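Residue-level listing of the chains:
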Amino acid sequence: MDPISQGAIAAAAAQTRARREQMIAFTWFGALAGMAPDLDVLIQSPTDPLLFLEFHRHFTHAIVFIPVGALIVAGALFKILRHPLNFRQAYLACLLGYATHALLDACTSYGTQLFWPFSNMRVSWNNVSVVDPLFTLPLLALVVTAALRKAPKFAVMGLIWAVTYLSFGAVQLHRATAAAEALAESRGHTPHRLTMKPSFANLLIWKSIYEFEDAYYVDGIRTGFTPSVCVGQHVEKLHLPTHLPDLQADSQQARDIERFRWFSDDYLAYHQGGIVDMRYSMVPNEVDPMWGVKVDSNKADHEHVVWWSERNMSDEKRSAFGAMLAGRSCSELPP
């Protein structure tokens, strides 16, 4: 999730073990340790554009790395920050904060390698957006209150709010999945697989993407009191022999496509001259991806693909998304 959410929930976890005179120090140690795993974004290469995809939410987010990561952060902060803690107390605050990060990230849809080095599976529980003010702002307010009043009970309330909101997200995910399955059935489709993810900053509109025969079908599901569907689009699956017949199987670009396939959980399509990750779009029911790669057949065998991303929300898309939130572009599920 976003750094503010990560810092807030990490600070809350640390605050629950702080005495009054330690509250401010535990807040800072916990919050900074909770944000530290995302320093893996610094692992990049000017020649390999996909390296950051492999290492973001990688070893720094693994469960087995938590004690090590907390130790590194505690060692650094112990010397940098002015505080009344001994090293054992500093490490405890960092351990509690660091431990929250990967679990919260796993609640999003991006994918987190919790079980590295035993598995490179990207865990995605899909029950909250990567940015959600309704999750973050009440939690942040309770963390600040706990620090100012030096009262751990407010931190406990913050953690209760976080767990409650994430649990509500799991309920909404279940409702959205059931609605998406009903939609597919109404079309006479038996999906090979179906994935749901929350749209940006809310738990009301969900992106449904399912694979049937040689295509991906993308729709929006609105989980109000009665679920409704915002009918979307479909696109042909990536088929390398058809879409990129000149691609050499032993080239670096071919290997890059397989790396991108792993990252995207094989939700790949060929769209507007490039290979795209179908899981993400600014408007949930549109085939308008946020990132992808382009292949250049004129490149040498050792050269990489080109990475691109587009995350701007145009006025037209903002209007379409607003219509979905309000329910104006959605209708009841087919009988």
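Description of the structure in this document. Remember, predicted model here, so these are calculated numbers, not experimental data.

1. Concerning the pattern of salt bridges
For side chains bearing opposite charge, pairing can occur when the charged atoms are close.
Okay, so step 1: Enumeration according to the criterion identifies 15 salt bridges in this entry.
Okay, so step 2: Note that D265 is salt-bridged to R193, the shortest N-O span being 4.0 Å. Residue D265 is located in the loop between helix 9 (252–263) and strand 5 (268–271), and its partner R193 is located in strand 1 (residues 193–198); the two are separated by 72 residues in the primary sequence.
Okay, so step 3: The exposure class of D265 is partly exposed, given its relative accessible area of 45%.
Okay, so step 4: Because the salt bridges share partners, they merge into one network encompassing D48, E54, D256 and R259.

2. Quick word on the state of the cysteines
Okay, so step 1: Taken as a whole, this structure holds one disulfide when the rule is applied.
Okay, so step 2: A sulfur-sulfur distance of 1.9 Å marks the disulfide that ties C230 to C330. A torsion of 65° about the S-S bond marks the disulfide between C230 and C330 as right-handed. Residue C230 is located in strand 4 (residues 227–236), and its partner C330 is located in the loop between helix 10 (315–326) and strand 9 (331–332); the two are separated by 100 residues in the primary sequence.

3. Side note on the nonpolar core
Okay, so step 1: Grouped together as the largest cluster of nonpolar side chains are 30 residues, with contacts concentrated most on F135, L139, M196, W206 and I221.
Okay, so step 2: Apart from the residues lying within four places of it in its own chain, the contact partners of L139 are S5, A8, I9, A12, G158, L159 and W161.
Okay, so step 3: Among the nonpolar cores identified, the runner-up in size contains 20 residues, and I66, L77, A93 and Y98 belong to it.

Rules used in this analysis
Residues numbered from 1 in each chain as written. Predicted model: local features only at pLDDT ≥ 70, side-chain atom pairs only at ≥ 80, totals over all residues. Heavy atoms only, no water. Salt bridge = Lys/Arg side-chain N within 4 Å of Asp/Glu carboxyl O. Helix = DSSP H or I, 4+ residues; strand = E, 2+ residues; numbered from the N terminus. Buried < 20%, exposed > 50% of the residue type's maximum accessible area, 1.4 Å probe, protein only. Disulfide = S-S within 2.5 Å. Core = buried A, V, L, I, M, F, W, Y, C linked by side-chain atoms within 4.5 Å. Contact = heavy atoms within 4.5 Å.

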